[in-house]
Amino acid sequence: MSDTIKTIRGTIGGEPIIYGESVQGLPLEVWLPEKERETHTLIMAGQHGDEAEGPVLLSYALRLIDLADLTCAVIVTANPDGLRYGTRANANGVDLNRNWSTKNWSPEMVIYPQDSENPDDLTLSPGTEPASEPETQALLNLLEDIKPRLVISIHSALGCIDDPHSTPTAKWLSQETGLPLVENIGYPTPGSFGSWAQENGVELITWELPRASLHEIKAKYAPALIGLLTGKA
Ligand SMILES: [Zn+2]
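Since we're looking at a predicted model, the values are computed, not measured. (Residues numbered from 1 in each chain as written. Predicted model: local features only at pLDDT ≥ 70, side-chain atom pairs only at ≥ 80, totals over all residues. Heavy atoms only, no water.)

**Section: the coordination of the zinc ion**
Line of reasoning, step 1. Coordination of the zinc ion by the protein is provided by H48 (ND1), E51 (OE), E51 (OE) and H155 (ND1), with metal-donor distances spanning 2.0 to 2.4 Å.
Line of reasoning, step 2. Coordination at the zinc ion is irregular, judged from the four donor atoms that bind it and the angles of 56 to 147 degrees they form at the metal.
Line of reasoning, step 3. When the donors of the zinc ion are listed by position in the chain, the intervening gaps give H-x2-E-x103-H. You can see E51 sitting in the loop between β3 (41-45) and α1 (53-64) and its partner H155 sitting in strand β7 (residues 150-156), a full 104 residues away along the chain.
Line of reasoning, step 4. Residue classification places E51 among the buried positions, given a relative accessible area of 6%. (Donors = N, O, S within 2.8 Å, 3.2 Å for Na, K, Ca; no water. Tetrahedral: all angles 85-135°; square planar, octahedral: opposite > 155°, others 65-115°. Helix = DSSP H or I, 4+ residues; strand = E, 2+ residues; numbered from the N terminus. Buried < 20%, exposed > 50% of the residue type's maximum accessible area, 1.4 Å probe, protein only.)

**Points about α1**
An α-helical turn contains 3.6 residues, so any two residues separated by three or four positions project in the same direction.
Line of reasoning, step 1. In a regular helix each residue adds 1.5 Å, so twelve residues correspond to 16 Å; α1 covers 17 Å between its end C-alpha atoms and thus fits that length.
Line of reasoning, step 2. With respect to burial, α1 is a largely interior element, ten of its twelve residues being buried.
Line of reasoning, step 3. Looking only at α1, the buried set comprises E53, G54, P55, L57, L58, S59, A61, L62, R63 and L64.
Line of reasoning, step 4. Elements in contact with the buried residues of α1: β3, β4 (73-75), α2 (80-85), β7, β10 (203-209) and α6 (214-229). (Expected span 1.5 Å × (residues − 1). Contact = heavy atoms within 4.5 Å.)

None of the figures reported here should be taken as evidence of function without further support.
Written out as structure tokens, the structure is:
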């Protein structure tokens, strides 16, 4: 067998820590490095349940590596109810990426305007108040607990690496993936995780996967993600 052919496990394995529960009672899970239960980086996906690309890619990369080599904390899906129902929001209809306790949090409904590929407007709640949702509260507690300096949050499908500070890791990721590095996504996002990170001194890189098939995304981006997961970035 060629050295380039790798075996991929059917399950992620390891023993994730349960850091909370979704609205529907599903466990919120985080994988921590086996060697030292201390990490400077959190990689997460699936805050928006209709962006399955992130969880699928992250699971794929995790199943390709030896978990003993993991150097980051990893959340495969931050919104498991959304992923199982195929909804952007959680089971309360809340956009979790507008539910953070930030100075710019707004009670106004979040409207995703129509475009050529999504002909209907989608209107979501930012929550009844900042951090009203159990998924947000649990993630806040986890961040308080593990205190990562860097969070990499995987979304789709804007096709860019978004980092307001253009950090070396973001530049590396942009080079490895061929996705352009941008300092913002061009529209305001009150109550977003990005706003929270900025206010709380946490470096956040938003990795926006492009519009592509799951097969293409796995083939194209797993190497860069494995580099991040194993601390080789
Ligand atoms: Zn998203």
